Amino acid sequence: MKQYLPAWIQGWLGTIVPIAQALLIVAAAWLLQQLVRRLVRRLMDRRGLPPEMGVALHRVSAGLIGFGALLLVLERLGVSGTVLWTAFTSFAAVGAVAFFAAWSVLSNIFCTVLIFTTRPFRLYDYIEVVENGEKPGLKGRVVDVNLIYTTLQEVARDPDHAGSSLQVPNSMFFQRVVRRWRGSEVPAAWLAPPTVEGGSK
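The structure contained in this document is the topic of the report that follows.

Basis of the calculations
- Residues numbered from 1 in each chain as written.
- Predicted model: local features only at pLDDT ≥ 70, side-chain atom pairs only at ≥ 80, totals over all residues.
- Heavy atoms only, no water.
- Helix = DSSP H or I, 4+ residues; strand = E, 2+ residues; numbered from the N terminus.
- Buried < 20%, exposed > 50% of the residue type's maximum accessible area, 1.4 Å probe, protein only.
- Contact = heavy atoms within 4.5 Å.
- Areas by Shrake-Rupley, 256 points an atom, 1.4 Å probe, with all protein chains shown as cover.
- Pairing = 2+ DSSP bridges.
- Axes fitted to C-alpha atoms, helices over the stretch in contact; angles between N-to-C directions.
- Phe/Tyr/Trp six-rings, centres within 6.5 Å; stacked < 30°, edge-to-face > 60°.
- Patch = residues over 30% accessible without salt bridge, like charges linked within 9 Å, V, L, I, M, F, W, Y side chains within 5 Å.
- Salt bridge = Lys/Arg side-chain N within 4 Å of Asp/Glu carboxyl O.

A short note on the overall build of the protein chain
Alright, step 1. In terms of regular secondary structure, the protein chain is built from six helices and five strands.
Alright, step 2. Along the protein chain, helices (α) and strands (β) appear in the sequence α-α-α-α-α-β-β-β-β-β-α when read from the amino end.
Alright, step 3. Burial analysis of the protein chain (201 residues in total) assigns 21% to the buried set.
Alright, step 4. By sequence separation, contacts in the protein chain at least 24 residues apart represent 55% of the contacts at least 6 residues apart.
Alright, step 5. Summed over its atoms, the accessible surface of the protein chain is roughly 14200 Å², and 64% of this surface lies on carbon and sulfur atoms.

Here we look at the side chain of Thr151
Alright, step 1. Looking at where Thr151 falls in the secondary structure, it is placed in strand β3 (residues 149–153).
Alright, step 2. Excluding anything up to four places from it in sequence, Thr151 contacts Arg141, Val142, Val143, Asp144, Ser165, Leu166 and Gln167.

Focus on the sheet that holds strand β5 (residues 177–181)
Alright, step 1. In spatial order, the strands read β4-β3-β2-β1-β5; together these five strands make up an open sheet with antiparallel pairing. Only two strands of the sheet have a single partner each, and these edge strands are β4 (165–169) and β5. In this sheet, neighbouring strand axes are inclined to one another by 40° on average, regardless of whether the strands run parallel or antiparallel.
Alright, step 2. Summarising the sheet, β3 and β4 pair through five bridges and their orientation is antiparallel. By the bridge assignment, Gln153 is partnered in β4 with Ser165.

Description of the packing of aromatic side chains
Alright, step 1. Enumeration over the complete set of coordinates arrives at two aromatic pairs.
Alright, step 2. On the numbers, 4.9 Å between centres and 20° between planes, the contact of Phe67 with Phe91 is stacked. Here the residue Phe67 occupies a position in helix α3 (residues 51–76), and Phe91 occupies one in helix α4 (residues 81–101), the gap between them amounting to 24 residues.
Alright, step 3. Assessed through its relative accessible area of 26%, Phe67 is described here as partly exposed.
Alright, step 4. A relative accessible area of 52% places Phe91 in the exposed class.

Concerning a nonpolar patch on the surface
Alright, step 1. A surface patch of nonpolar side chains, amounting to about 300 Å² of accessible area, comprises Ile19, Leu23 and Leu77.
Alright, step 2. Here Leu23 lies in helix α2 (residues 13–46).
Alright, step 3. We classify Leu23 as exposed; its relative accessible area is 56%.

Set out below in structure tokens:
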């Protein structure tokens, strides 16, 4: 088919075809990103995915799709596979170092995903993080769950004073036993006055 084209067009085919292919790759990447955004928005609307998690998924998907599209565009424009592979391995090595450096943060983010999928507790539940041997631990009402922390509102025995807030790393809920009370009623044991040894109050 090439021989049927005018001579002046044949001279430009070596430039036009790679550019057209690169534009198609960019368009496909943009469409894929729009599809991912719509999917994440549907999860937020119908499955209760928190906005923070939706933003994180948007950014991660945009980064992965953009990086993949960049590699394909460079390959279409004539960059050798060896150069691309070297760049990819270097990027992967840097990413691995950053992964281990930020392991505590990433573990909390992963535990956030587990909290929203396994549902060990929900917003406005009363929970207690039990230490070893039934030793009392952190307790309160769940008022917020973000990518790193779960915020617990402590229950004050004096109704005129609000309890303080605790920010508990999400990974702690998978290292300790969690006791859960459903509903809006404060557990009665939390409101009982402390007892002194010997039976007196």
